[in-house]
Amino acid sequence: VEERRWIAAALLVLVTLSIREDAGILLGSAGLYLVARGERPKAGLAIIALSALHFSILKVLVMPRFLEGQQAYANIYSALVPHGRQGFGPVLETIVGNPLFTLGTLLSERKLVYALSILAPLAFLPLRRPLALLLVVPGVLFTLLASHEPMIMLSFQYTMVWGGMAF
């Protein structure tokens, strides 16, 4: 994208989206970075739109069809779901409607150790530039907001959500 090699960029976006349903979150974050940086805002907006469409179609339409109407992986965020509710809607309501409670779920010793284990070897480089913070948003969403213990294990696959974006 930075070199304006649009065909290669489009192919790589499509390949990335084909990997997993949540790859759209990673690409959306990268698109947001491009928009905020101001150098390739149209490309960034296109990446955000395509990523959001991909994620929404898979999470809302395709996956529930094969899971008998249940939302995939909503149980990972169980601490953010109010009693008697289920799914991603209540998770989003908690994040937006009760940010102090949400912040409290982030502030555990195990999550702090996990984040330090990823960021300290990089000399906290992703945190040094405010714009680069956009790139660690997927790591926070997938791991630190989660209630499911394996999500904050360095040996679990979601650590790589931090890896590529942090570098």
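In what follows, the structure referred to is the one given above.
Residues numbered from 1 in each chain as written. Predicted model: local features only at pLDDT ≥ 70, side-chain atom pairs only at ≥ 80, totals over all residues. Heavy atoms only, no water.

(A) Spatial organisation of the overall build of the protein. When its secondary structure is counted, the protein shows 9 helices and 0 strands. The N-to-C order of helical and strand elements in the protein reads α-α-α-α-α-α-α-α-α. Rg of the C-alpha trace for the protein: 17 Å, near the compact-globule value of 15 Å for 167 residues, within the 12% margin. Burial statistics for the protein: of 167 residues in total, 36% are counted as buried. Here the analysis covers contacts within the protein between residues at least 6 apart in sequence; of these, 57% occur between residues at least 24 apart. Accessible area for the protein stands at about 10,400 Å²; split by element, carbon and sulfur atoms hold 68% of it. Of the charged side chains in the protein, 13 are positive and 9 negative; the average position of the first set lies 7 Å away from that of the second. (Helix = DSSP H or I, 4+ residues; strand = E, 2+ residues; numbered from the N terminus. Rg over C-alpha atoms; globule rule 2.2 N^0.38 Å. Buried < 20%, exposed > 50% of the residue type's maximum accessible area, 1.4 Å probe, protein only. Contact = heavy atoms within 4.5 Å. Areas by Shrake-Rupley, 256 points an atom, 1.4 Å probe, with all protein chains shown as cover. Lys, Arg positive; Asp, Glu negative; His and termini not counted. Charge placed at Lys NZ, Arg CZ, Asp CG, Glu CD.)

(B) Layout of the packing of helix α1 (residues 6-19) against helix α3 (residues 41-66). Two elements in contact, α1 and α3, have axes separated by 11 Å at closest approach and are oriented at 25°. Considering their axes alone, α1 and α3 lie roughly parallel with respect to each other. Where α1 crosses over α3, the two elements pack in a sense that is right-handed. Together, W6, V13, L14 and L17 of α1 and A43, I47, L50, S51 and H54 of α3 make up the contact between the two elements. Among the residues forming the contact of α1 with α3, the class breakdown is 7 nonpolar, 2 polar and no charged. (Axes fitted to C-alpha atoms, helices over the stretch in contact; angles between N-to-C directions. Parallel < 35°, antiparallel > 145°, perpendicular 65-115°, else oblique. Left-handed = near helix turned anticlockwise from the far one by under 90°. Nonpolar A, V, L, I, M, F, W, Y, C, P; charged D, E, K, R; others polar.)

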